[in-house]
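# Chain and residue survey
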Amino acid sequence: MRTIGFFLAGLLALSATVSAITPSGSDFQQLQGNFLVQLQATPAFKALSSSEFGSHLLETITTLLQTGGTFDEVIKLLEELKNNLETEQLADNSDFTTAKASIEGDIKLNREKAAKAVQEYGDATIQVKNLIVAINDLRGKLRNHKKQLKSILDQRKSLEASNAEEQREFAKRNGEQRQVIEVLGTLITDLTNKVLNAQGSLSLVEQKQLFDQIDKIGGHSPISVLVDLTSTFDQNTVRLIIGKLERLREAIKATLAADEANHEKSVATFKAMIEKLQELEDDIRNDEEKSKVQLKSSENAKISETERKATNELLEKQSNTAREASEAQLEVATDNYESRTADRSRSIAIITQVIQLLKASEQEQQAPAAL
């Protein structure tokens, strides 16, 4: 309202100037007095004088007219004030529109930031939950890997122990069978050379030597029984014994060959199982290394997503705080603008009413002169 203040001050200054240069004719002063009396009696004057601005304006105009100011001069000044107020309002409208657009832009931007932060927070929350599940699964997988590796180790130890025991048993069987074959060969040779070829019988010493050979393979073996069937060791008996011994030797050789073949198969099976266990162990260890890498990656991702949650939670709060501050700023700016606009509108309305009153009085002043 500085324009109005300046204007009122100008009116007062003008009243002093007009008082010094305007003639003080009795008719003119009487007309001014009549105007003031008529003005004060009108409803418009009462309405104007009820406002601080209207009362002050009427008081200034009254003073101006009482000190010699003319209606035209006052009307001109009032119209200039009205134009200034309207110009000021147009400038205020433009400034407010610009300021409002800027503040509303800030509100929209912060609302969008908050919405995006909420979305990011929600996405990060889902990611954290998924990563927790993945991390738990990977840790369970690693625990299972350890169990599998322990199981493989136990199987390997068991196979190696069984294989070692089988090797010992095979070596013992193989040695015993070979010894039996060797003894049978010796018996067959001795019986052939000393009985059949010599066309005689075994002496007591030779019989003892023969039984000593039999004792090497067990004194209660079938061979011992076979040889003990006769005490004469005549040629027919010896031929019978030799035939049985040869068949027995061949049977033992066949058993030995089958046992050795089975042993070779067992060894091959053992090696294949060890190789299979090694392949399985290698696969598990490779999978274990991959799981460790995935676990580390998931743990780092969980840390990152947790930080993203916290960052966006803070960003949402900051954006909402900034938006609320801008909304409050806009509300204050709007209230102030509307208050200024209302004040100017009232002032313009008052000035318009005063101008109308002055013009009406001026017409009354010109009417007698025309007569």
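Bear in mind the structure is a predicted one, so any value in this text is a computation, not a measurement.

Conventions adopted
Residues numbered from 1 in each chain as written. Predicted model: local features only at pLDDT ≥ 70, side-chain atom pairs only at ≥ 80, totals over all residues. Heavy atoms only, no water. Helix = DSSP H or I, 4+ residues; strand = E, 2+ residues; numbered from the N terminus. Buried < 20%, exposed > 50% of the residue type's maximum accessible area, 1.4 Å probe, protein only. Contact = heavy atoms within 4.5 Å. Salt bridge = Lys/Arg side-chain N within 4 Å of Asp/Glu carboxyl O. Patch = residues over 30% accessible without salt bridge, like charges linked within 9 Å, V, L, I, M, F, W, Y side chains within 5 Å. Areas by Shrake-Rupley, 256 points an atom, 1.4 Å probe, with all protein chains shown as cover. Lys, Arg positive; Asp, Glu negative; His and termini not counted. Charge placed at Lys NZ, Arg CZ, Asp CG, Glu CD. Expected span 1.5 Å × (residues − 1). Core = buried A, V, L, I, M, F, W, Y, C linked by side-chain atoms within 4.5 Å. Phe/Tyr/Trp six-rings, centres within 6.5 Å; stacked < 30°, edge-to-face > 60°. pLDDT = per-residue confidence, 0-100.

## Describing the overall build of the protein
Secondary structure summary: the protein contains eight helices and zero strands in total. Seen in sequence order, the protein has helices and strands lined up from the N terminus as α-α-α-α-α-α-α-α. Among the 371 residues that make up the protein, the fraction classed as buried is 33%. Contacts in the protein between residues at least 24 apart in sequence constitute 86% of all its contacts with a sequence separation of at least 6.

## Structural notes on the pattern of salt bridges
Applying the stated criterion to the full structure yields 20 salt bridges. Arg-111 is paired through a salt bridge with Glu-327; the nearest N and O atoms lie 3.3 Å apart. Here Arg-111, found in helix α5 (residues 71-196), pairs with Glu-327, found in helix α8 (residues 235-370); they are 216 residues apart in sequence, far enough to count as distant. Here Arg-111 falls in the partly exposed class, since its relative accessible area comes to 43%. On the basis of relative accessibility, which here comes to 30%, the residue Glu-327 falls in the partly exposed class. Three or more residues joined by partner-sharing salt bridges are found here, namely Glu-88, Asp-92, Arg-340 and Arg-344.

## Details of a negative patch on the surface
The grouping of Glu-275, Glu-279, Asp-282 and Asp-283 at the surface amounts to a negative patch. Positionally, Asp-282 belongs in helix α8.

## Focus: the environment of Ile-132
Inspection of the secondary structure assignment puts Ile-132 in helix α5. Spatially, the C-alpha atom of Ile-132 lies 7.5 Å from that of Lys-302, the residues being 170 residues apart in sequence.

## A look at helix α4 (residues 52-66)
Taking 1.5 Å per residue, 15 residues should reach 21 Å; α4 reaches 21 Å between its end C-alpha atoms and fits that length. Following α4 by one or two positions, Gly-68 has its phi on the positive side, about 105°.

## A look at the nonpolar core
Counting 18 residues, the largest nonpolar core has Leu-57, Ile-61, Val-74, Leu-78, Ile-351, Val-354 and Leu-358 as its most contacted members. Elements with a contribution of two residues or more to this core: α4, α5 and α8. Look past the residues within four positions of Val-74 in its chain and what remains in contact with it is Ile-61, Leu-64, Leu-65 and Leu-358. Of all hydrophobic cores here, the second largest spans 14 residues; its members include Val-183, Leu-187, Leu-196 and Leu-245.

## Notes on the packing of aromatic side chains
Aromatic rings in a pair are described by how distant their centres are and how their planes are angled relative to each other. Counted under the stated rule, the structure contains one aromatic pair. Arranged with centres 4.1 Å apart and planes meeting at 0°, the rings of Phe-96 and Tyr-337 form a pair that is stacked. Taken together, the residues Phe-96 in helix α5 and Tyr-337 in helix α8 connect sequence positions 241 residues apart. A single burial state applies to Phe-96 and to Tyr-337, both of which are buried.

## Quick notes on the confidence of the model for the protein
Of all residues in the protein, 74% have pLDDT values of 70 or greater, and the mean over the chain is 82. Mean pLDDT across the elements of the protein bottoms out in helix α1 (residues 2-21) (43) and peaks in α5 (93). In this model, residues 1-28 is a region of pLDDT below 50 whose contacts with residues beyond four sequence positions or in other chains number 41 contacts. Counting interchain partners and residues more than four positions distant, the pLDDT-below-50 stretch residues 219-227 has 19 contacts.

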